[in-house]
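Residue-level structure breakdown
The primary structure of each chain is shown beneath.
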Amino acid sequence: PSSVPFLVMMYLSHCSSPDYYAFQSPFITSGGITSLSRLSLSPNMHIRGQAVDAFLQLTSHPSFDWFGLLEGPREAEARELHRALLSVPPSDVVNMALGNSPGLSFPGGSHLCLQILGFYLSWVRALHCDGNVLRVDVSIVKALERWKDAEVGGAEE
């Protein structure tokens, strides 16, 4: 993809920026988060690692509470961030985790992707499902058993 050459600079310069609203927020709302979800399955493990880590940093930055109330001075921007994350196809997030399951990812990658999937499913369930009920297909639950005996950073990663 044409976005690959820019991933390194984005990763090094912007992902951990303390000002979430200067870069991270516009990046997410312009579709960058969807690109990262797709790059998380790149055959190049360096690209894959940067995409996964960037996705994780963008969704766990201390300046934005994804589970917080959508009100206040940045309410419109918060709603746009929610819309942008909801626009990532759920299959992309599931495939990010399953495609990086133990033995298929860079060292530590499978656990980072499992963390992303956990965040995403709990966020969707808590804020965007009627009655806070999210039904997950049994095939996904069975696939998650791949992590049962995996060690963080172990030989199988």
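Residues numbered from 1 in each chain as written. Predicted model: local features only at pLDDT ≥ 70, side-chain atom pairs only at ≥ 80, totals over all residues. Heavy atoms only, no water.

Quick word on the confidence of the model for the protein
This is how it is decided: In predicted models, pLDDT denotes the confidence assigned by the predictor to each residue on a 0 to 100 scale. Labels follow the DSSP assignment, with helices taken as runs of H or I lasting at least four residues and strands as runs of E lasting at least two, numbered in each case from the N terminus.
Summary statistics for the protein give a mean pLDDT of 86 and a share of 85% for residues scoring 70 or more. Of all helices and strands in the protein, the one with the weakest mean pLDDT is helix 1 (residues 4-13) (64), whereas helix 7 (residues 109-128) scores best (95).

Looking at the packing of aromatic side chains
Cut-off, in case you're wondering: A pair of aromatic rings is counted whenever rings of Phe, Tyr or Trp (Trp by its six-membered ring) have centres within 6.5 Å, and the orientation is called stacked for planes under 30 degrees apart, edge-to-face for over 60 and tilted otherwise. Categorising residues by exposure relies on relative accessible area from a 1.4 Å probe, with only protein chains included: less than 20% of the type maximum marks a residue as buried, more than 50% marks it as exposed, and the intermediate range marks it as partly exposed.
Evaluation of the coordinates by the stated rule reveals seven aromatic pairs. Measuring from ring centre to ring centre gives 5.7 Å for Trp-66 and Trp-123, while their planes differ by 90°; the resulting arrangement is edge-to-face. Taken together, the positions of Trp-66 in the loop between helix 4 (45-59) and helix 5 (75-87) and Trp-123 in helix 7 put the pair 57 residues apart, joining distant regions of the chain. What makes Trp-123 buried here is its relative accessible area of 0%. Their ring planes at 45° and their centres at 6.4 Å tell us that Tyr-120 and Trp-123 sit as a pair that is tilted. Of this pair, Tyr-120 and Trp-123 both sit in helix 7, three residues apart, which is roughly one turn of the helix.

Regarding the packing of helix 5 against helix 7
Test applied: The axes are straight lines fitted to the C-alpha atoms, using for helices just the contacting stretch, and the angles between their N-to-C directions are given from 0 to 180°. Roughly parallel here means an angle under 35 degrees, roughly antiparallel means over 145, roughly perpendicular means 65 to 115, and every remaining angle is called oblique. In this scheme the handedness of a crossing depends on how the near helix is turned from the far one: anticlockwise by less than a right angle means left-handed, clockwise means right-handed. Residues count as neighbours in contact if any of their non-hydrogen atoms are within 4.5 Å of one another.
The N-to-C vectors of helix 5 and helix 7 enclose an angle of 120°; their axes lie 12 Å apart at closest approach. In this view, helix 5 runs oblique relative to helix 7, as classed from their interaxial angle. As for the relative orientation of helix 5 and helix 7, their crossing is left-handed in sense. Along its contact with helix 5, which presents His-82, Leu-85 and Leu-86, the element helix 7 presents Phe-119, Tyr-120, Trp-123, Val-124, Leu-127 and His-128.

Some thoughts on helix 4
The following threshold applies: Given the number of residues in a helix, its expected span is that number minus one, multiplied by 1.5 Å. Between N or O atoms, a polar contact is any pair within 3.5 Å; within protein, one atom must be a potential hydrogen donor and the other a potential acceptor, and residues adjacent in sequence are included only when both atoms are from side chains.
Over its 15 residues, helix 4 extends 21 Å from the first C-alpha to the last, a length consistent with the 21 Å expected when each residue adds 1.5 Å. Between the side-chain oxygen at the start of helix 4 and the backbone nitrogen of His-46 there is a gap of 2.8 Å, and the oxygen is on Asn-44.

Considerations on the nonpolar core
The nonpolar side chains of a soluble globular protein tend to be buried with one another. Inclusion rule: Only buried residues count toward a nonpolar core, which is a set of Ala, Val, Leu, Ile, Met, Phe, Trp, Tyr and Cys residues joined through side-chain atoms within 4.5 Å.
In terms of nonpolar packing, the biggest core is built from 37 residues, with Ile-28, Trp-66 and Leu-85 touching the most fellow members. Going through the elements one at a time, helix 2 (24-29), helix 3 (32-39), helix 4, helix 5, helix 6 (90-98), helix 7 and helix 8 (138-143) are the ones with two or more residues in this core. Beyond its immediate chain neighbours, meaning those up to four positions away, Ile-28 contacts Tyr-20, Ile-33, Leu-58, Trp-66, Leu-81 and Ala-84.

Points about helix 6
All of the buried residues in helix 6 are Asp-92, Val-93, Val-94, Met-96, Ala-97 and Leu-98. Close packing links the buried residues of helix 6 with helix 3, helix 4, helix 7 and helix 8.

Comments concerning the pattern of salt bridges
Applicable threshold: Any Lys or Arg side-chain nitrogen located within 4 Å of an Asp or Glu carboxyl oxygen qualifies as a salt bridge.
For the structure on display, the rule yields four salt bridges. We note a salt bridge from Glu-75 to Arg-79, for which the minimum N-O separation is 3.2 Å. A residue pair is termed a helical-turn pair when its members lie 3 or 4 positions apart in one helix, as Glu-75 and Arg-79 do in helix 5 at four residues. Overall, the relative accessible area of 35% leaves Arg-79 in the partly exposed class. With its nearest N and O atoms 2.8 Å apart, the salt bridge here joins Glu-80 to Arg-83. Pair noted here: Glu-80 and Arg-83 are both in helix 5, with a separation of three residues, about one helical turn. The class for Arg-83 is partly exposed, based on a relative accessible area of 49%.

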